[in-house]
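# Chains, contacts and geometry: an overview
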Amino acid sequence: MATRKKKRGQPRININVRVLVTLKIIEIVTKENISPLKAWYQLSKHEAFDDLMLFHRKTPQQIKHFKSSQDRLKAFYYKHVERWLKDFKSRSYLKKYPTIKTYLKKSRLNKTK
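What you are looking at is a predicted structure, and each value in this text was computed from that prediction instead of being measured.

### Some remarks on the packing of helix α4 (residues 60-68) against helix α5 (residues 70-87)
Where α4 contacts α5, the two axes come as close as 5 Å, and the packing angle between them is 95°. The orientation of α4 with respect to α5, classified from their angle, is roughly perpendicular. From α4, His65, Phe66, Lys67 and Ser68 reach across to α5, where they touch Gln70, Arg72, Leu73 and Phe76. The residue inventory of the contact of α4 with α5, partitioned by class, reads three nonpolar, three polar and two charged.

### Examining the side chain of Ser69
Structurally, the position occupied by Ser69 is in the loop between α4 and α5. A polar contact is formed between the side chain of Ser69 and the backbone nitrogen of Asp71, at a distance of 3.2 Å.

### A short note on the pattern of salt bridges
For side chains of opposite charge, pairing can occur when their charged atoms come near one another. Inspection of the entire model under this criterion finds three salt bridges. The salt bridge partner of Lys24 is Glu27, with a shortest N-O separation of 3.2 Å. Here Glu27 and Lys24 lie together in helix α1 (residues 15-32), a separation of three residues that amounts to about one turn. Residue classification places Lys24 among the partly exposed positions, given a relative accessible area of 34%. For Lys31, the salt bridge is made with Glu27, and the minimal N-O distance between the two is 3.9 Å.

### Examining the nonpolar core
Judged by nonpolar contacts, the single largest core of 26 residues is most densely connected at Val21, Ile25, Trp40, Leu43, Phe66, Phe76 and Val81. At the level of elements, α1, α2 (36-44), α3 (49-53), α4 and α5 are the ones that each hand at least two residues to this core. Not counting residues up to four positions away in its chain, the partners in contact with Leu43 are Val21, Lys24, Ile25, Ile28 and Phe49.

About the criteria used
Residues numbered from 1 in each chain as written. Predicted model: local features only at pLDDT ≥ 70, side-chain atom pairs only at ≥ 80, totals over all residues. Heavy atoms only, no water. Axes fitted to C-alpha atoms, helices over the stretch in contact; angles between N-to-C directions. Helix = DSSP H or I, 4+ residues; strand = E, 2+ residues; numbered from the N terminus. Parallel < 35°, antiparallel > 145°, perpendicular 65-115°, else oblique. Contact = heavy atoms within 4.5 Å. Nonpolar A, V, L, I, M, F, W, Y, C, P; charged D, E, K, R; others polar. Polar contact = N/O pair within 3.5 Å; in protein donor to acceptor, adjacent residues only side chain to side chain. Salt bridge = Lys/Arg side-chain N within 4 Å of Asp/Glu carboxyl O. Buried < 20%, exposed > 50% of the residue type's maximum accessible area, 1.4 Å probe, protein only. Core = buried A, V, L, I, M, F, W, Y, C linked by side-chain atoms within 4.5 Å.

Following this line, the structure appears as structure tokens:
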């Protein structure tokens, strides 16, 4: 009998984490009129951020290590969060949260490179 192999590579990030992070970043950006990267840094300093990232990182030590460096946060933002913000336009969340539409119209994410 053949045994199943584990899936290789980095684990997928939970859809709940993606939606919550995206919504909070958009909320912070619209409320305080700052860039999405600065909103990500501000969100990472929030007290509930550790609980949220437990879905992605497995242990509190990994989260502490992740938050300790600004470079790691910046890399995570450019690898994941920026793409989530771009993909958010095409989802059905726009009907539920109308403030997202106004943000996406004004943001630079709407422009193609």
